[in-house]
Amino acid sequence: MTTYAALLRGINVGGSKKVPMADLRTLMEVLGYDGVRTHLQSGQAVFTPGHGDEESLAAELTQAIEKHFGFPVDVIVRDHAYLKAIADACPFPAAELQARQLHVTYFSEPVDAERFAGIDRAAHLPEDFRLGDRALYLYAPDGLGRSKLAEQLSKPRITKGLIATSRNWNTVVKLVELTG
């Protein structure tokens, strides 16, 4: 059976959209998912469903979370093979960097370079980004909170029509481990 990770966007940040992880685990178990585990409070859950694919599972979770908690939460679901491929394909020297310097933004759909054409990459050096399979790798040497490039990459004109949610490198690696 395939193990998946659910990536919930924008929960438990700044006191809004509170989703207790114990409640999320219970909700997922009620949906019939096995082996449900959560990682941190920032919206990662690992599970083995008895049905569905990434898209249908994300839709099911999105609907169940809104019904249970009373507010919408964007959800991306990815399987172990995808998560491992993303970690393995990192174009930056992950082993040489601090986890706070390297992030992956997961997208709900494939993205192409055209979407990012208006960003002056040279103006943001040494920060940099590379595109992957439904993902964007961001190198931010001073961390995400201070990154001017991350600010540009998250503008609505860039993310329009997509669900986009970012994780630091420690979480990227942990999700590979937990789904493996």
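Caption draft 1: Structural context of the pattern of salt bridges. One pass over the structure, following the stated rule, counts seven salt bridges. Between K84 and D88 there is a salt bridge, and its shortest N-O distance comes to 2.8 Å. You can see K84 and its partner D88 sitting in helix α3 (residues 80-88), four residues apart, about one turn around the helix. Overall, K84 belongs to the partly exposed group, its relative accessible area being 37%.

Caption draft 2: Just the side chain of T105, in detail. In this fold, T105 is placed in strand β5 (residues 102-107). For T105, a relative accessible area of 13% gives the class buried. A distance of 2.5 Å separates the side chain of T105 from the side chain of S166, its partner in a polar contact. Once residues lying within four places of it in the same chain are set aside, the contact partners of T105 are R134, A135, L136, A164, T165 and S166.

Caption draft 3: A look at helix α2 (residues 54-69). With 16 residues, α2 extends 22 Å between its outermost C-alpha atoms, agreeing within 8% with the 22 Å of an ideal straight helix rising 1.5 Å per residue. Every buried residue of α2 is listed here: E54, L57, A58, L61, A64, I65 and F69. End-on, the buried residues of α2 take up no more than an arc of 135 degrees, which puts them together on one face. In α2, the exposed positions angled more than 90 degrees off the buried face are occupied by E55, Q63 and K67. Taken together, the buried residues of α2 touch β1 (4-8), α1 (21-30), β3 (44-48), β4 (75-79) and α3.

Rules behind the numbers
Residues numbered from 1 in each chain as written. Predicted model: local features only at pLDDT ≥ 70, side-chain atom pairs only at ≥ 80, totals over all residues. Heavy atoms only, no water. Salt bridge = Lys/Arg side-chain N within 4 Å of Asp/Glu carboxyl O. Helix = DSSP H or I, 4+ residues; strand = E, 2+ residues; numbered from the N terminus. Buried < 20%, exposed > 50% of the residue type's maximum accessible area, 1.4 Å probe, protein only. Polar contact = N/O pair within 3.5 Å; in protein donor to acceptor, adjacent residues only side chain to side chain. Contact = heavy atoms within 4.5 Å. Expected span 1.5 Å × (residues − 1). Arc of directions from axis to C-beta.

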